[in-house]
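# Examining the three-dimensional arrangement
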Amino acid sequence: MDVQFQKNPILDFDEYESLPSSSVSAHMLAGAFAGIMEHCVMYPLDSVKTRMQSLQPQPGGVYRNVMEALVRMVQHEGIFRPVRGMSVVVAGAGPAHAAYFACYEHIKEILVLKTTSHYNHIAYGVAGSVATLLHDGVMTPADVVKQRMQMYNSPYSSVWSCIRTIYATEGLRAFYRSYTTQLTMNVPFQSIHFMVYEFMQGVTNPERSYNPKAHMVSGAMAGALAAAITTPLDVCKTLLNTQESTALNSLGQPQITGLTHAFRTVYRLGGVRGYFQGATARVLYQIPSTAICWSVYEFLKYLIKSS
């Protein structure tokens, strides 16, 4: 049965789309709530993704699929193990997504006004890329702590213990060791993400009104495609963030430093297949994640404008 994406009669295109370009604070508020909601709801699957990207997991941390990983985490490590480290993501996701969406909408508006409609997809990609610089500047340290807390047999008792230990043993640079890799991954990821989302909105919601089904479907499609294409870079980022002890010991190296080093290490440990470790978990994570993020964001835009 065909899904019908009907126009919402309350707000037309000009009214609905005028909110983010004219109200930065409203845009930041909607973005912050959307980011926090996305990361909180999907955090257990994010924990599974991190573990399944491990190149040389310990015997107890080898999983055949996503469901097995999640079930075993709960059975053997406790019901709250899949959400361990969530607090640091909440602290980072709010300001990161506030800046991210505000920057995206502002730059998109400027570029769309200065170009013809034939080049709008390029404007969306450029706006998404610039917004990523701000987003990753805030989220990279949070990701480092989060992924170390998520690893199997993580030695850290709490988020603060993890932060103190990383700072004491590896210095401040450790929190941004993966920043260039994060940008190398997220610039194409977000460019693809925004271009696909805006394209799908043109297909499912040409009036650009508030349409929950269209926002959800567009977000899911955008997240799935962007995640699949950028998985190899995400594996490298995870290796840089976690500094897997098993992998370091097998290579006789004290640290993995930089994207090039990480890229070579992934190939040495896992060959070509190593670049796609946890690919299924990553795509399964991103489909609902981006659907939730866009749905909440567009709903809050609509709610603020309506009120």
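Thresholds applied
- In this numbering scheme, every chain counts its residues from 1 along its sequence in written order.
- Owing to the predicted nature of the model, reporting of local features is limited to residues with pLDDT of at least 70; listing and counting of side-chain atom pairs is limited to 80 or more, with chain, interface and lining totals taken over all residues.
- Side-chain numbers come from the whole structure's heavy atoms, not from hydrogens or water.
- Note on conventions: DSSP H or I runs of at least 4 residues are helices, E runs of at least 2 residues are strands, and numbering of each starts at the N terminus.
- Pairs of residues are marked as contacts when any of their non-hydrogen atoms sit within 4.5 Å.
- Every residue carries a pLDDT, the predictor's confidence in it, which falls somewhere between 0 and 100.
- Exposure above 30% relative accessible area and the absence of a salt bridge qualify a residue for a patch, where like charges join within 9 Å and nonpolar side chains (Val, Leu, Ile, Met, Phe, Trp, Tyr) within 5 Å.
- Here the open area of atoms and residues is found with the Shrake-Rupley method and a 1.4 Å probe, where only the protein chains shown may cover a residue.
- A pairing counts as a salt bridge when a side-chain nitrogen of Lys or Arg comes within 4 Å of a carboxyl oxygen of Asp or Glu.
- By nonpolar core is meant a set of buried Ala, Val, Leu, Ile, Met, Phe, Trp, Tyr and Cys residues that side-chain atoms within 4.5 Å join together.
- Exposed residues in this analysis have more than 50% of their type's maximum accessible area, buried residues have under 20%, and partly exposed residues fall in between, with area computed by a 1.4 Å probe over protein chains only.
- By convention, a stacked pair of Phe, Tyr or Trp rings (six-membered ring in the case of Trp) has centres within 6.5 Å and planes under 30 degrees apart, an edge-to-face pair has planes over 60 apart, and any other such pair is tilted.
- Between N-to-C directions, angles span 0 to 180 degrees; the directions come from axes that are lines fitted to C-alpha atoms, helices contributing only their stretch in contact.
- Any angle that is under 35 degrees is reported as roughly parallel, and any over 145 degrees as roughly antiparallel; angles of 65 to 115 degrees are reported as roughly perpendicular and all others as oblique.
- By convention, the crossing between two helices is left-handed when the near helix turns anticlockwise from the far helix through less than a right angle, and right-handed when the turn is clockwise.
- We call Asp, Glu, Lys and Arg charged. Ala, Val, Leu, Ile, Met, Phe, Trp, Tyr, Cys and Pro are nonpolar, and the rest, Gly among them, are polar.
- To estimate how far a helix should extend, the number of its residues minus one is multiplied by 1.5 Å.
- Here the bend at a residue is taken as the angle between two axes, fitted respectively to the seven residues that end there and the seven that start there.
- Any pair of nitrogen or oxygen atoms within 3.5 Å is treated as a polar contact; in protein, a donor-acceptor pairing is required on top of that, and neighbouring residues in sequence qualify only through side-chain atoms on both sides.

So, about the environment of G274. Note that G274 resides in helix α10 (residues 258-274). Each C-alpha atom of the pair G274 and F263 lies 9.8 Å from the other, and the pair is 11 residues apart in sequence. Each residue touching G274, except ones within four places of it in the same chain, is listed here: L55, V235 and V266.

Bringing the confidence of the model for the protein into the picture now. Summing up the model confidence of the protein, the mean pLDDT is 87 and the portion of residues at 70 or higher is 93%. Averaged over each element, pLDDT in the protein is lowest for helix α1 (residues 13-22) (47) and highest for helix α6 (residues 159-170) (96). Below a pLDDT of 50 lies the segment residues 1-16, which in the model reaches 30 contacts outside its immediate sequence neighbourhood of four places, other chains included. pLDDT under 50 marks residues 18-22. Its contacts with residues more than four places away, or in other chains, come to 10 contacts.

Time to look at a nonpolar patch on the surface. Among the surface-exposed residues, Y119, I122, V126, V130 and L133 lie close enough to one another that they form a single nonpolar patch of about 420 Å² accessible area. Locating Y119 in the fold gives a position in the loop between α4 (86-114) and α5 (120-150).

F101, Y104, W294 and Y297 are the most contacted members of the largest nonpolar core, which totals 24 residues. With six residues, helix α7 (residues 179-204) is the single largest residue contributor to this core. With residues up to four places along the chain from it excluded, the contact list for Y104 reads Y124, A127, G128, A131, F194 and E198. Counting 16 residues, the second largest nonpolar core, distinct from the first, contains V89, A93, A142 and V144.

Considering all chains together, one arrives at 12 aromatic pairs under this definition. Pairing Y176 with Y179 gives two aromatic rings, centres 5.8 Å apart and planes at 80°, and the pair type is edge-to-face. A ring pair is formed by F194 and W294, whose centres lie 5.7 Å apart and whose planes are at 90°; its orientation type is edge-to-face. Note that F194 is positioned in helix α7 and W294 in helix α11 (residues 279-306), a separation of 100 residues in sequence. Here F194 and W294 have matching classes, each one buried. Ring-pair connections join several aromatic residues into one group, and the members of that group are Y100, F101, Y104, F194, Y197, W294 and Y297.

Where α7 meets α11, the closest approach of the two axes is 13 Å, and the angle between their N-to-C directions is 60°. The angle between α7 and α11 falls in the class oblique. Our pair here, α7 against α11, has a crossing hand that is right-handed. Here M185, F189, H193, F194 and Y197 of α7 come into contact with α11, specifically with R282, Q286, T290, W294 and E298. Class assignment for the residues of the contact of α7 with α11 results in five nonpolar, three polar and two charged.

The first and last C-alpha atoms of α7 sit 35 Å apart over 26 residues, in line with the 38 Å expected at 1.5 Å per residue. Along its length, α7 reaches its greatest deviation from straightness, about 25°, at N186, and the proline P188 lies no more than four positions downstream.

With that settled, consider the side chain of N241. Tracing the backbone shows N241 in helix α8 (residues 212-242). On the basis of relative accessible area, N241 is assigned to the buried category, the value being 1%. Of the polar contacts made by the side chain of N241, one reaches the side chain of Q147; its length is 2.8 Å. Here N241 is in contact with D143, V144, Q147, R148 and S178, once residues within four sequence places are set aside.

Within the secondary structure, H135 is located in helix α5. Separated by 42 residues in sequence, H135 and A93 have C-alpha atoms that sit 8.5 Å apart. For H135, the contacting residues outside a window of four places in its chain are A96, H97 and Y100.

Looking now at the packing of α4 against α11. In contact at an axis separation of 13 Å, α4 and α11 are set at 70° when each is read in the N-to-C sense. The angle between α4 and α11 falls in the class roughly perpendicular. Of the two elements, α4 crosses α11, and the hand of that crossing is right-handed. Contacts between α4 and α11 pair H97, F101 and E105 from the former with C293, W294, Y297 and K301 from the latter. Here the contact of α4 with α11 is composed, by residue class, of four nonpolar, one polar and two charged.

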